[in-house]
Amino acid sequence: MNYNLEPLLLPWFAPLPEPMIVHLLQRLERTRRAVPATALQVLFNQVRDKRAATYFYMDPFVQARLNGGPAALSFSTGWLLKTLGAQAPGKKEAVSQKTLSYWRSKGLVRFQQHGLPDYASAAALYLARIIDVDAERHFLPSSMGVDEQDWWCFTQAAPDAPVVPWQASLLQELPSSTFCWTPWLGSVWEPGWIKRQDQTFAMRWARIEQKQPLAYHLWPEDVLSWYPFGTLSHLDDPDILQSSALLLLHHLARRRKELFASGALPEDIQSVEVVLAKGGKNGRLRAR
Amino acid sequence: MADYARDNAYVLDPDLLEEMHRLDIQGQMLTRSMGGVLPERPDFAGIKKVLDLGCGSAEWALQVAGRSADIQVVGIDKAPRMIELAQARAYAEKRANARFRIGDITEPLPFLADNFDLVNARLLRGFMATSAWLPFIQECLRVLRPGGLLRLTEDEILLTNSLACDHLNFRGYKNLATLGKAFSGHHPGITTRMPGWLKEAGFQQVQSRVFAMDISYGADAYESFFFDFKTAIELLKPFSLQMNPEYTVEENEALCEQAIEEMQDPGFSGKLYLVTTVGEK
């Protein structure tokens, strides 16, 4: 069955891009004979647990890479090949460079530079590998287009605006006052994202002005539009503006904490209506 | 078919990502719920050199290293990926005073005698044969300096109001007893013997502290324990089926699902009983 996923579902499966989500759902259907709604719930649970494990394992190696650590302890192409191999059925020594080159040619993995895979792309590859543990080879879709390779996060442009899923690499296109959040903690490996201490999720403002030290592209009125506690003064001072922006991120995140901490699909997605087109094609999972 | 009966073989693959993550969550839960890294001596007086045996991904060792740059910590574990992860974490957390190496702690320890102020080990019963405990404790005595402390923490029994959870648990104790890693099918029986082993090895001032960790729905340790339990029974399925051929795959699945369901009920209550035994050389 071909799935056309309701866009609001996509951020729950971060850092998986849409074609990987669809492929894993189809694999679940075939291998476990699960109906689409069951497959969705099973995959949601698997992603939730294994995403946490993926971040737990990758983070020290990525941090070492970001901080110029020793090569043996740093995230790299070689590290990824070895790590993927360690999770493969039968525990092969390492995935071959040839296989990685093939995946790259098919858009299944992106690179930041030679020898350095994109962090989120590598995490998605690894996550798919540990979710589809029985598959020797077919744990990935056949290919992904350039515009399909990104993972998705939640965004909200204003307190009374609807929640809109958005591709993580395109956040700079959103209005500066847009609040963004994701259950994918590895987002913090990219500039702009910060995570909650309780590790439930990460958040940011959509646009950043400066990566180091981090400064969001915000205006005083952007901060005031989200601030629920009355007035804030001296927002024309850049330091106070940026500090307030960070404080506000934590306040907004706190309000969404329950949603993530419950560990279950949110209510609006729990009851999934499966709309199937004639002939079994174009199956559509839609949140009620 | 896996050879679980080998001496000192771990019944799970410790290099599997999910198992590494589970053990880390479990370690955090124990440290937090039992009053910190060293509640028996919270000021770490006289402790400068620490050995963590079966250190896993270094959750405990790195917390100790984080207390003071003056404390040197060495961690040892049999699982290569665990050690690689521990080394990367030490680098990421800037703990130059923590070092990690691959090693089998059921073999003679690769350290000189009279070397450490504190030797720590937690939850070894998953792989340690009952016959290996006394030689292991004697090795700990050897590497400790005079006056140094051995600190062993083991769980003894989990009691809950979930029939399925208890059933899985007692089946686990029985399986470990069959493999020679527990003394009975009713409870492992390790903690009751630890003080005697320490005294027999030559430790003095041996003391035990019993800890009842509340893992009831909504308790502080609940989320971590539930994750630990849920992940463990999933990873243990092949082991359970091999050890208990009287169960079909479907029956085993149903039992696991029932346990998960009952543990997610707001009325779920339970306690995990652990014992820390400390002795001085």
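Residues numbered from 1 in each chain as written. Chains lettered and ligands numbered in written order. Predicted model: local features only at pLDDT ≥ 70, side-chain atom pairs only at ≥ 80, totals over all residues.

Moving on, we get to the domain arrangement of chain A. Residues and elements named next belong to chain A. One can read the domain layout of chain A as domain 1 (17-140) and domain 2 (152-261). Distance between the C-alpha centres of domain 1 and domain 2: 28 Å. Listed as interface residues are eight residues of domain 1 and, on the opposing side, six residues of domain 2. Put simply, the parts of the chain that give the side of domain 1 that touches domain 2 at least two residues each are α2 (36-66) and α5 (119-131). No other element matches the five residues that α2 contributes to the side of domain 1 that touches domain 2. (Domains from an automatic or database assignment. Contact = placed C-beta atoms within 7 Å. Helix = DSSP H or I, 4+ residues; strand = E, 2+ residues; numbered from the N terminus.)

It is worth spelling out the interface of chain B and chain A at this point. Chain B puts 13 residues into the contact, and the matching count from chain A is 13 residues. Contributing elements (two or more residues each) for the side of chain B that touches chain A: α1 (17-33) and α3 (80-92) of chain B. Ranked by residues supplied to the side of chain B that touches chain A, first place goes to α3 of chain B with seven residues. Across the side of chain B that touches chain A, the residue classes tally to six nonpolar, two polar and five charged. (Nonpolar A, V, L, I, M, F, W, Y, C, P; charged D, E, K, R; others polar.)

Turning next to the sheet that holds strand β6 (residues 204-214) of chain B. Residue and element names in this part refer to chain B. Read across the open sheet, the seven strands follow the order β3-β2-β1-β4-β5-β7-β6; overall the sheet is mixed. Either end of the sheet is taken by a strand with one partner, and the two such strands are β3 (98-102) and β6. Averaged over all adjacent pairs, the angle separating strand axes in this sheet is 15°, with direction ignored. Two elements, strand β2 (residues 72-77) and β3, share five bridges in a ladder whose sense is parallel. Its bridge partner being in β3, Val73 is matched across the sheet by Ala98. Across the sheet, helix α4 (residues 133-143) touches β1 (49-53), β4 (116-122) and β5 (144-160), and the angle it forms with β5 is around 145°. (Pairing = 2+ DSSP bridges. Axes fitted to C-alpha atoms, helices over the stretch in contact; angles between N-to-C directions.)

To continue, consider the sheet that holds strand β3 (residues 152-156) of chain A. Across the sheet, five strands lie side by side as β4-β3-β5-β7-β6 (chain A); this open sheet has antiparallel pairing. The sheet terminates laterally at β4 (163-167) and β6 (194-195) of chain A, the two strands that pair on one side only.

A few words on the pairing of strand β7 (residues 270-280) of chain B. Residue and element names in this part refer to chain B. Bridge count for β5 against β7 is 11 bridges, and the pairing is antiparallel. Bridge pairing links Thr160 to Gly270 in β7. Relative to β7, β6 runs antiparallel, the two being bridged by nine bridges. Its bridge partner lying in β7, Gln204 is registered against Glu280.

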